[in-house]
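Survey of secondary and tertiary structure
Residues per chain, in single letters:
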Amino acid sequence: MKHEEKVKLAIAGGLIGLAAVVLTAFGNPGNMGFCIACFLRDTAGAMHLHNAAIVQYVRPEIIGIVLGSFALGVIRKDFKPRGGSSPVLRFVIGFIVMLGALVFLGCPLRMVLRLAGGDLNALVALFGFIAGIGVGCIFLSNGFSLGKAEKESSTEGVAFPALTVLLFILFMAVPSLFLFSETGPGSMHAPVALALLAGLAVGAAAERTRLCMAGGIRDIFLIKDFTLISGFIAIFAVTLIGNLITGSFHLGFTGQPVSHPMHLWNFLGMFAVGLGSVMLGGCPLRQLILAGEGSSDSAMAVFGMIAGAAFAHNFSLASTAEKGPGVNGKVALVAAIVILLAIATIVTMKKRREG
Amino acid sequence: MASDDIKVATFVSHYGAMMFRKRVGNGAELKPVPRSLSSSCGTAVFFSSPFSEDFADENTEAVYEKDGDEWRLVWKR
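All residue numbers here refer to positions counted from 1 along the written sequence of the relevant chain. Chains and ligands are labelled by the order in which they are written, letters from A for the one and numbers from 1 for the other. In view of the model being predicted, local features appear only for residues whose pLDDT reaches at least 70, and side-chain atom pairs are presented and counted only at 80 or more, with totals across whole chains, interfaces and linings using the full set of residues. Water and hydrogen atoms were dropped before computing side-chain values, which therefore reflect all heavy atoms in the structure.

Some details on the overall build of chain B
Check the secondary structure of chain B and you find one helix and five strands. Strands here mean DSSP runs of E at least two residues long; helices mean DSSP runs of H or I at least four residues long; both are numbered from the N terminus. N-terminal to C-terminal, the α/β element order of chain B is β-α-β-β-β-β. Taken against the 2.2 N^0.38 rule, which gives 11 Å for 77 residues, the C-alpha radius of gyration of chain B at 11 Å falls within 12% of a compact globule. Viewed in the frame of its principal axes, chain B has a C-alpha envelope of about 30 × 25 × 20 Å. Buried residues are those whose accessible area, probed at 1.4 Å on protein chains only, stays under 20% of the maximum for their type, while exposed residues exceed 50% and partly exposed ones sit between those limits. Relative to its 77 residues, chain B shows a buried fraction of 51%. Intrachain contacts of chain B at a sequence separation of at least 6 include 56% that bridge at least 24 residues. Between the two quantities, the radius of gyration covers C-alpha atoms and the globule rule is 2.2 Å times the number of residues to the power 0.38. Whether two residues touch is decided by their heavy atoms; if any such pair falls within 4.5 Å, the residues are in contact.

Have a look at this one:
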C-alpha cells in the first residue's frame, strides 16, 4: 500500500514538474512555472489590493488548482465542508507564511523549482524550511493543535471554490476591472487556457495524493515515514531534467530569475514558511487543495496569505530581486517569527494544561 | 499477525496519536493516515491488540478494523 502511494506521489510530483517546465516555456517567469505565494500575490495586485505595478495579474493556475481539488473531491467523496479550527489564528499564520515567502521570493513549491533551475539561494532556503519544520514538529510533539474542525454546511464548503469561479468569470468577461502588469514578473504569463488546464491537473493530482511540500519533511521528523517526500523529490527530478533539456539550468547564487543572494533572509524567510506550514497542517499548495475540499479553515489561511501579500507590497516588506529585503522587510520578518513562536508556545502550553 | 487483526486509529492532533500509542503499548506504530480513510495527511496509530475505549481520549477521532481490502468502523467519537 505504501509503495503504491509512493508511486502515485511520484507521478503527481512528476506532473507538477512537467507542468512547471511547460508553463515557463510558454511565458511564466523563470523558475516560476508554479508559485502559490507569487501567484496569490499577483492575483491580489490584479484586484487592486496592492500597488506594486510589476506583480499584478489574475493567475488562472490558482483558480485551476482550487477547482481541480474541488471537482475531484466531489467525485471521490472527499469534499467535506468543515471548519471552526481557530480561523483567526489560521488567518494570522497564513499572513506570516506569505510574508516569509515574499522575503525569500517563493513558496516551498517555487523553492524546489528554483533549486531544480540551479538557484543555490533556494538551497539556503531549504535549510531554513527544514529548520522551521523541525521547530514546528517539536511543538506538535508537545501538544500543539489548532483544534478540531467541525462539520459545516455545504454552502460554507462551496463558498471558496465558488469565489474562484466568480473571479475567473469576471477576469474573462470584464478584464478592465483588473490591473495587468506591463513589465516585470506579472507581465510574464502562459496563455490563460494552458495555465487553467495545468492548474486543474495539478489540483486534482495533489488532492488525490495529499502532496504537500511541508508534510513530507514533517513526516520524516515525526514518524520516520518517507511516503510524502517522494512527491517533493519527483518535482525536483522532473523539473531538473526539463531545465537541462530546455537549457534553463544555471548553477549559482547570482543572476537567478526573481531571486536574491541574501542568505540570512532566505533562510529566515523559509524558516517562517516551514514553521507556519506545520502549524497550519500544510504548505500553501496544500491550503489551496484543502480549501477546494471544503475546509473553511484553509480558506481562512488563503485569505490570510492574500492579505499578507497586499501588506507586504504596500508596506515594502517584500524583497526585490537581486537586492533582497529592505529594513521594513527585515524588521517585519523577525517580528513575524517571534509572533509565530509565541502563538505556538501559548497554544501548546494551553493544550498541555487542558490534557 | 493476521491481517484481520490490524486496526487503525485516527486523531485530531499528532500529540493525540502519540498519547494513544503510549496507552496501547507494544506493537502500536505511528504511520500516515491511510488515503482510503481520509484525505487529510495526519498521523494514525496502527495496532493489533484488542481495542479498548480506555485507549481513546478527546483527541481520538475513530478506530477502524481491517476487513479484507476495506476498513470497517468499530468506534467513533
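Continuing now.
Let's talk about the interface of chain B and chain A
At the junction of the two partners, chain B supplies 18 residues and chain A supplies 24 residues. In short, buried area is how much 1.4 Å probe accessible area vanishes from two parts on joining, totalled over both. Summing both partners gives a buried area of about 1,700 Å² for chain B against chain A, and 53% of it is carried by carbon and sulfur. Broken down residue by residue, the surface that chain B buries against chain A is led by B:Y15, B:R35 and B:C41, which jointly contribute 40%. Salt bridge, as used here: a side-chain nitrogen of Lys or Arg that lies within 4 Å of a carboxyl oxygen of Asp or Glu. Taken together, the links from chain B to chain A amount to three salt bridges. Between B:R35 and A:E207 there is a salt bridge, and its shortest N-O distance comes to 3.4 Å. Any pair of nitrogen or oxygen atoms within 3.5 Å is treated as a polar contact; in protein, a donor-acceptor pairing is required on top of that, and neighbouring residues in sequence qualify only through side-chain atoms on both sides. Linking chain B to chain A there are ten residue pairs in polar contact (both at pLDDT 80 or more). Every element with two or more residues in the side of chain B that touches chain A is listed here: α1 (14-24) and β2 (29-32) of chain B. Under the grouping applied here, Gly and all other residues not named as nonpolar or charged are polar, the nonpolar ones being Ala, Val, Leu, Ile, Met, Phe, Trp, Tyr, Cys and Pro and the charged ones Asp, Glu, Lys and Arg. In the side of chain B that touches chain A, the residues fall into eight nonpolar, six polar and four charged.

Focus on helix α11 (residues 263-280) of chain A
An α-helix turns once per 3.6 residues; consequently, residues spaced three or four apart project the same way. Residues and elements named next belong to chain A. Here α11 contains 18 residues, and its C-alpha end-to-end distance of 26 Å stays within 8% of the 26 Å for a straight helix at 1.5 Å per residue. The buried fraction of α11 amounts to 15 of the 18 residues, a majority that puts the element mostly inside the structure. Where α11 ends, the next residue or the one after it, G281, has phi of about 90°, a positive value. In this analysis, the expected span of each helix is defined as 1.5 Å times one less than the number of residues it contains.

Some details on the state of the cysteines
Residue and element names in this part refer to chain A. The disulfide definition used here is simple: a pair of cysteine sulfur atoms within 2.5 Å. Using the criterion set out here, one finds one disulfide over all chains in the structure. Across a sulfur-sulfur distance of 2.4 Å, C35 and C38 are joined as a disulfide pair. Taking the sign of the S-S torsion, about 65° here, the bridge from C35 to C38 comes out right-handed. Here C212 is not disulfide-linked; the sulfur of C283 is the nearest cysteine sulfur, at 3.9 Å. With a relative accessible area of 2%, C212 lands in the buried category.

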